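Spelled out, the chains give:
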Amino acid sequence: MAVGGGSFLPFLTMVLVQLGYAGMNILSKLAMDSGMNPLVHVAYRQIFAAIILAPLAFFLERKTRPRMTLPILFEMFLSSIFGATTNQVLYFVGLRNSTATVACALSNLLPAFTFILAVPFGLERVIIKSRPGQAKVLGTIVCVGGAILLSFYHGSPIFGQSSLHWRYAENLQGKGRSSSHANNFILGPFLLITSTISWAVWFIIQARMNDKFAAPYTTSALICFMASIECVIIGLFVKHDIAAWSLLKPPSIRLVSSLYAGVVSTALALCLMSWCIQRKGPLYVSVFSPLLLVIVAVFSWALLDEKLYVGTVVGSLLIVLGLYGVLWGKNREKNAANNAEDGEEVKDLELQFPNANGVVKNMDLQFSELSNGNGVKEELELKFSELSNGNLPATN
């Protein structure tokens, strides 16, 4: 078998993670089409995620958790604002005003926006004369161009309506259209792009904080806890009606989507991705993000009667192409940096052991004498000749 168990299990894990995210996008879209407010949905997602992550953080990191300080707590607060509250609120409001396929396509802008924001903070370098630097810059430009094309150009539908129809989804979408509003092809992508920028800001904050507080489960649990309070305050300020916060009234998709988003797409996905990052590294995890776009596009077309336009498909392809350009450039730079570090270690060893080359040369000289038939070889041949003639050496 070509793929060993050590490679197949991380591959299967990341495929399951992307399937889990695809389910979240489909279920969340259905919940909001049924009339659920996106702010309420985000608040419940953070609450359920915090409930699941809190015991994991307590039991898995109680012996290895670093000491908490006020500066670290403040950075966690900033992470909760940009990485959870702002990011998720903008994403789900954008999803409500757009489609699941467009939302997944625009989320692939994350590496490009992270690269743009990381340069001023000194977390990324831009070497235009090198091929990796050119790949990152060109990939970023292609990503942004694909996002603009996807947002402002639609064209004609590529595929007609699917022969498969999910009656439950049709009923929910019918109620949503009669009680709320139709998709806004300008506002939706704009909010989704802004959500991705907020997510990139969180990556910058998180990268600086991980060096000081290496406890991913504790960090995630506290961020979700803070974000749940923030989202509840924002949700209550916008949606005063207590009935809108009920998850038990029909349709049941509201409870299912909220639980699913908090447990599967936040808590479980975090654990699985953390395990894959330890096994294969962060780049391996990032490569699977376009798979989510393919899965959501197929299911949205087949089950949600979503139309795939020329602009959506071409823009998505450009975003994925630019994404892999940025990832390729980052991978080449990382490999070059690792090779440079290995070279410096070799130089340090040579400085610490300056006579090592002389020792190796002396050993080579001795072995060359053996192979050239000098005195040692002749003595060995004499011993073997005596043994073959029956003249055994004397023993004490």
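For the structure itself, look to the data block above.
Note that the coordinates shown come from a computational prediction; the quantities given were computed from them, not determined experimentally.

Novice: Before we go on, may I ask you to explain the overall build of the protein chain in this structure?
Specialist: Within the protein chain, the regular secondary structure consists of 15 helices and 0 strands. Relative to its full complement of 396 residues, the protein chain shows a buried share of 40%. Sequence-distant contacts, at least 24 apart, represent 89% of the contacts inside the protein chain between residues at least 6 apart. Per element, the accessible surface of the protein chain, about 21,900 Å² overall, is 67% carbon and sulfur.

Novice: I would appreciate a short explanation of helix H4 (residues 100-107) in the present structure.
Specialist: Because an α-helix packs 3.6 residues into every turn, residues spaced three or four apart end up facing the same way. Of all the 8 residues making up H4, 8 are buried; the element is thus mostly covered by neighbouring parts of the structure. All buried positions along H4 are accounted for by Ala-100, Thr-101, Val-102, Ala-103, Cys-104, Ala-105, Leu-106 and Ser-107.

Novice: I'm lost on the nonpolar core in this one. Help?
Specialist: As a rule of thumb, nonpolar side chains are buried together in soluble globular proteins. Residues Tyr-44, Phe-92, Leu-106, Leu-109 and Val-296 are the most contacted members of the largest nonpolar core, which totals 47 residues. The dominant element in this core, judged by the number of residues it contributes, is helix H1 (residues 5-33), at 7 residues. Excluding its chain neighbours within four sequence positions, the residues that come into contact with Leu-106 are Ala-147, Leu-150, Pro-189, Leu-192, Ile-193, Thr-196 and Ile-319. Listed in part, the 9 residues of the second largest apolar core include Ala-49, Ala-57, Tyr-217 and Ala-267.

Novice: In this structure, what is going on with a nonpolar patch on the surface? I would like to understand it.
Specialist: Residues Phe-8, Leu-9, Phe-11, Leu-12, Leu-16 and Leu-19 make up a contiguous nonpolar surface patch of roughly 520 Å² in combined accessible area. Its place among the elements puts Phe-11 in helix H1. Taking the relative accessible area as the measure of exposure, Phe-11 reaches 41% and is therefore partly exposed.

Novice: Which parts of the structure should I look at to understand the environment of Asn-97?
Specialist: Relative to the helices and strands, Asn-97 is located in the loop between helix H3 (70-96) and H4. Taking the relative accessible area as the measure of exposure, Asn-97 reaches 6% and is therefore buried.

Novice: Just to check I follow, could you spell out the pattern of salt bridges for this structure?
Specialist: Note that side chains of opposite charge can pair when their charged atoms are close. In total, this model carries 3 salt bridges according to the counting rule given. Note that Glu-75 and Lys-212 form a salt bridge whose closest N and O atoms lie 2.9 Å from each other. Placement of the pair is Glu-75 in helix H3 and Lys-212 in the loop between helix H8 (187-210) and helix H9 (216-238), with a sequence separation of 137 residues. When its relative accessible area of 14% is taken as the criterion, Glu-75 is described as buried. Residues Glu-333 and Lys-136 are paired through a salt bridge, measuring 2.7 Å at the closest nitrogen-oxygen approach. Placement of the pair is Glu-333 in helix H13 (residues 310-352) and Lys-136 in helix H6 (residues 131-152), with a sequence separation of 197 residues.

Novice: Hey, could you run me through the environment of Gly-20 in this one?
Specialist: Turning to its location among the elements, Gly-20 is positioned in helix H1. Placed 272 residues apart in sequence, Gly-20 and Leu-292 show a C-alpha to C-alpha distance of 9.0 Å. If near-sequence neighbours (up to four positions away) are discounted, Gly-20 is found in contact with Tyr-260, Val-264 and Ser-265.

Novice: I'm lost on the packing of helix H5 (residues 110-118) against H8 in this one. Help?
Specialist: When two helices pack together, their arrangement is given by the angle between the helix axes and the distance between those axes. At a closest axis distance of 8 Å, the pairing of H5 and H8 adopts a crossing angle of 55 degrees. Classified by the angle between their axes, H5 and H8 sit oblique to one another. For the element pair H5 and H8, the recorded crossing hand is right-handed. Residue-level inspection shows Leu-110, Phe-113, Thr-114, Leu-117 and Ala-118 of H5 in contact with H8, the latter providing Ile-193, Thr-196, Ile-197, Trp-199, Ala-200, Val-201, Phe-203 and Ile-204. Per-class residue counts for the contact of H5 with H8 are 11 nonpolar, 2 polar and no charged.

Novice: Mind showing me how you'd approach the side chain of Asn-25 here?
Specialist: Position of Asn-25 relative to the elements: it lies in helix H1. Look at Asn-25 and you get buried, because its relative accessible area is 2%. Reaching out from Asn-25, the side chain makes a polar contact with the side chain of Tyr-91 at a distance of 2.5 Å.

Novice: I'm lost on the packing of H5 against H6 in this one. Help?
Specialist: Two elements in contact, H5 and H6, have axes separated by 9 Å at closest approach and are oriented at 125 degrees. In terms of orientation, H5 lies oblique with respect to H6. The hand of the H5/H6 crossing is left-handed. Contacts between H5 and H6 involve Ala-112, Phe-113, Phe-115 and Ile-116 from the former and Lys-136, Val-137, Thr-140, Cys-143 and Val-144 from the latter. Grouping the amino acids of the contact of H5 with H6 by side-chain chemistry returns 7 nonpolar, 1 polar and 1 charged.

Novice: How should the packing of aromatic side chains be read in this particular structure?
Specialist: A ring pair, where both rings are aromatic, is described by two values, the distance of the centres and the angle of the planes. Inspection of every chain in the model, using the stated rule, returns 7 aromatic pairs. Between the aromatic rings of Trp-202 and Phe-203, the centroid separation amounts to 5.2 Å while the plane-to-plane angle is 85 degrees, which identifies the pairing as edge-to-face. Here the aromatic residues Tyr-44, Phe-48 and Trp-245 are joined through ring pairs into a cluster of three or more.

Novice: In this structure, what is going on with H5? I would like to understand it.
Specialist: Every buried residue of H5 is accounted for by Leu-110, Ala-112, Phe-113, Thr-114, Phe-115 and Ala-118. Tucked into the core, H5 has its buried residues touching H4, H6 and H8.

Criteria and cut-off values
- Residues numbered from 1 in each chain as written.
- Predicted model: local features only at pLDDT ≥ 70, side-chain atom pairs only at ≥ 80, totals over all residues.
- Heavy atoms only, no water.
- Helix = DSSP H or I, 4+ residues; strand = E, 2+ residues; numbered from the N terminus.
- Buried < 20%, exposed > 50% of the residue type's maximum accessible area, 1.4 Å probe, protein only.
- Contact = heavy atoms within 4.5 Å.
- Areas by Shrake-Rupley, 256 points an atom, 1.4 Å probe, with all protein chains shown as cover.
- Core = buried A, V, L, I, M, F, W, Y, C linked by side-chain atoms within 4.5 Å.
- Patch = residues over 30% accessible without salt bridge, like charges linked within 9 Å, V, L, I, M, F, W, Y side chains within 5 Å.
- Salt bridge = Lys/Arg side-chain N within 4 Å of Asp/Glu carboxyl O.
- Axes fitted to C-alpha atoms, helices over the stretch in contact; angles between N-to-C directions.
- Parallel < 35°, antiparallel > 145°, perpendicular 65-115°, else oblique.
- Left-handed = near helix turned anticlockwise from the far one by under 90°.
- Nonpolar A, V, L, I, M, F, W, Y, C, P; charged D, E, K, R; others polar.
- Polar contact = N/O pair within 3.5 Å; in protein donor to acceptor, adjacent residues only side chain to side chain.
- Phe/Tyr/Trp six-rings, centres within 6.5 Å; stacked < 30°, edge-to-face > 60°.

Shape descriptors only; they carry no functional weight alone.
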